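Below, each chain spelled out in residue letters.
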Amino acid sequence: MFRTALRNVLSHKARLLMTVLAVLLGVAFVSGTLVFTDTLSHAFRNQSAKNYSDVAVSVTSYSDPDDAKEPPGVSAKTLDRIRGLDGVTSATGRVSGFAGVADHKGKLIGNGWSNKGGNYSPGAHGKDSQYSITDGSGPARAGQIALDRDTADKGGYHVGDSVRVATNGPVRTYTLAGIFTTDDGEVGAGGSLVLFDTAVAQKLYLQPGWYQDVNIAASPGTSESKLLSSVKPLLPDNAEAQTGKELGDKQAKDIEREMSGLSQMLLGFAAVALFVGIFLISNTFTMLVAQRTRELALLRAVGASRKQVTRSVLAEALVVGTVASVVGFVLGIGLAVGLRSAMGSFGAKVPGGPLIVAPGTALAALLVGVVITVLAAWLPARRAAKIPPVAAMGSAHLPATTKSLVVRNSIGAVITLIGAAVILAGASAGSSGRMMIGAGAFLALIGVIVLIPLLSRPVIALVRPLLTRVFGVSGKLAGQNAVRNPRRTGATASALAIGLTLVTGLTVIGVTVGQSVDRMTTDNFKGDYMVEMANGMSLSPSTVTALEKAKGATAVSPLAGSQIVIDGSDQAVSGVKPGDIQQVLSLPVVSGSLDSLAHGRIAVEQKTAEKKGWKPGSKVSAKYLDDKKGSLTVGAVFKENQFVSPVLAPMPVLAAHEKKPEIQQILVKTDGGSGEQALVDAMGANPAISVMNQQDIRNSMGGMINTTLNIMYGLLAMALIIAVLGVINTLAMSVFERQQEIGMLRAIGLDRAKVKRMIRLEAVVISLFGAVVGIALGTFLAWAVGQTIKSSIPHYVLVMPWGRIAVFLALAAVVGVLAALWPARSAARLNMLTAIKTE
């Protein structure tokens, strides 16, 4: 029977091609993901090990800048004592902090959050072993800096150029003394690194004579654990030490955890692609079994048992799965290489290293492909075993029995109803119901897939009159062919439905959240500009003063984040400027007056006030961050605004208890005559400070949503490609199955153009049917998910992106047309007489 199975595979190579491609693509996705993440993990682990290869012990300090009694780090005296320990060959002190480099247009180079500054600490040989100077020399005095190679190239800087650098203070101009290369991960992620002379770095980031970290190198043969025991007693209480091996192992675990998250996400989309592929594989073997009814019946007639017939079909699936898995594994390795190169083209530097192809990856790829193929072929194999020997006497394909269709539809209806009920229960449960919605979505999707053959007749019947009226005989025949075999049509449409369910659900949620963000900005923000640090740190009070003096600025209010214990409970508080805050934010007053902020009173958001029983005139106790106590008076109650905390307090109230208020943003309103440049100039053209208008604010909030959607679309593309292969496969095998019928149609006058049109229209109808089912289910799931997040997103109203849905339908139609090119051409080229004689 195995020889029979192998013969069948070789004799049906063309018909099995699409199945091979579907398995191949899914396996390539899986193996590519595993090879890619293994390669990245190995490269980053090697880089981490290299960075700490010369470090025997590492010291890190944690200081509180508001605690005057606590040492700011490790002192120079302590560093000298460490250098005097037995076995220590060197001990290098490090300080670091934020440093943003401006390009020649004054714009920040890098992404803000990973722009760093540090100290260049040359050893006895005059070089810092952590950095390799490629041009010039390291900074040796105040006024000099060194830049990493990528930043220098992006800014067009060369040794000797003047470079403007923003740190935690005013922007200063330095002379570029040197350019270096580094394996620093944040630089590789798109950031920048500026090196200062040690004394300058200490003054900028800490205090003269103090270090944040110390890296200790030991002579060969020195025990790291013994050296660690010698170092610990010398350190202040706010510093900790660990061996270089411990530090490297910790970083390796962090890398492993991050790569695991990436791998799981990519494998999730690979699973979707494989799930879609199951329908193509099952459909292929179902049609092969149907077309070989007579052959299989003859096998039964000459003595083959049901089990032997089943094993024969499964053996075919095993051969197909094995071949596809091997080719897919090789293709996956190429995909991993491509992904690695693509990361470099997008600006993300990946450390060098070999491509890691683990034996487990090869085994996983082989198992996934073979198991998926064999499982998908199991039901067709069972049907093959049930073919009676008497069927060898005829050539008709055995239709599905009424009993089997009734059972299928009943099971599908029950699963769908259970899934819908679980989804509705999850939607009504709020934020805690998301897992229920996920489980219900899986059940509903399975149920709809089982029911799709039943749905195909009434849905396609709606468009059949239109097809007949517009396309005549070709349209009428296409409509009839699309529902002639509901199981085949359903299996083909299911593949498209799965992909479009996910795409539509993501799109509806993304567009809805994006428009909610837009409305939040439009309804809540009345100012013209928002000013904030590019790295997310707090702004200096001097920046507020500078903006108040800016040309054209009519209202300037900081938003300072703080915490006050009010009447015994912690409350998030926004420090604002009385009078100006009303001009830059929409704060509808429920009771009282916001003018009371100018008299030292606070304003409370409506929900918080109702919960606490506060109203204008209420006296409340207050405990501030400096542990001092006092009392406050509620002056106003206002409606919720997402830009501020539930409690507003005038800046002088916070400043009296905080050395440096945490000013997160500054909101500015202008007279319209002066633009953004006036504000930039007022702040000294600081590249680390970003100035955003209303559109920029919307883009910054909505940009992440659009980026996420585009990534999701890209990852789901593989599933959609497999779905297209399914349409091609169904049509090609349908044409083969209907050769005699097509020959008869040609004989009675249907020309080749109309035959092609018939096949194309059949493909379009099936594709649109799958698209409609997927869009409907995806919209339902998006509504359910929206019910769980609407409480945390103000102005949330479900938005139907009709334009995108129309694009999805148009693309589904295009998919049908493209998928039908080869089958339609094959059908039109059939020889009439040969086709009529075909059984």
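Placed above this text is the structure.
Every value quoted in this text rests on a predicted model; they were computed, and no experiment measured them.

Criteria and cut-off values
Residues numbered from 1 in each chain as written. Predicted model: local features only at pLDDT ≥ 70, side-chain atom pairs only at ≥ 80, totals over all residues. Heavy atoms only, no water. Pairing = 2+ DSSP bridges. Helix = DSSP H or I, 4+ residues; strand = E, 2+ residues; numbered from the N terminus. Buried < 20%, exposed > 50% of the residue type's maximum accessible area, 1.4 Å probe, protein only. Core = buried A, V, L, I, M, F, W, Y, C linked by side-chain atoms within 4.5 Å. Contact = heavy atoms within 4.5 Å. Salt bridge = Lys/Arg side-chain N within 4 Å of Asp/Glu carboxyl O.

Caption draft 1: Examining the pairing of strand E11 (residues 172-181) more closely. Bridging between strand E8 (residues 132-136) and E11 involves four bridges; their strand directions are antiparallel. From the neighbouring strand, isoleucine 133 faces E11, where its bridge partner is phenylalanine 180. With five bridges connecting them, strand E9 (residues 144-148) and E11 associate as parallel partners. Of the residues in E11, the one forming a bridge with aspartate 148 is phenylalanine 180. Sheet topology places strand E10 (residues 162-166) next to E11; four bridges connect them, and they run antiparallel.

Caption draft 2: Focus on unusual backbone geometry. Phi is positive for aspartate 627, which is not a glycine, with a value near 70°. Tracing the sequence through the fold places aspartate 627 in the loop between strand E21 (619-623) and strand E22 (629-638). Look at aspartate 627 and you get exposed, because its relative accessible area is 54%. Not every positive phi belongs to a glycine, and alanine 685 is a case in point at roughly 50°. With respect to the helices and strands, alanine 685 occurs in the loop between helix H20 (676-682) and strand E25 (689-693). Classification of alanine 685 by relative accessible area gives partly exposed; the value is 26%.

Caption draft 3: Inspection of the nonpolar core at higher detail. Within the largest apolar cluster, 79 residues are counted, with the highest numbers of intra-cluster contacts made by Phe29, Val276, Ile498, Ile722 and Ile759. Ranked by the residues each element gives to this core, the list is headed by helix H23 (residues 752-789), at 14 residues. For isoleucine 759, the contacting residues outside a window of four places in its chain are Leu731, Val735, Arg738, Ala820, Pro823, Ala824 and Ala827.

Caption draft 4: Broad picture of the pattern of salt bridges. Enumeration according to the criterion identifies six salt bridges in this entry. For aspartate 153, the salt bridge identified is with arginine 149, shortest N-O distance 3.7 Å. Taken as a pair, aspartate 153 and arginine 149 lie in helix H4 (residues 149-155) at a separation of four residues, close to a single helical turn. In this structure, lysine 577 engages glutamate 548 in a salt bridge whose closest nitrogen and oxygen atoms are separated by 2.9 Å. Residue lysine 577 is found in the loop between strand E18 (569-576) and helix H17 (581-584), and its partner glutamate 548 is found in helix H16 (residues 541-548); the two are separated by 29 residues along the sequence. The exposure class assigned to glutamate 548 is partly exposed, which follows from its relative accessible area of 35%.

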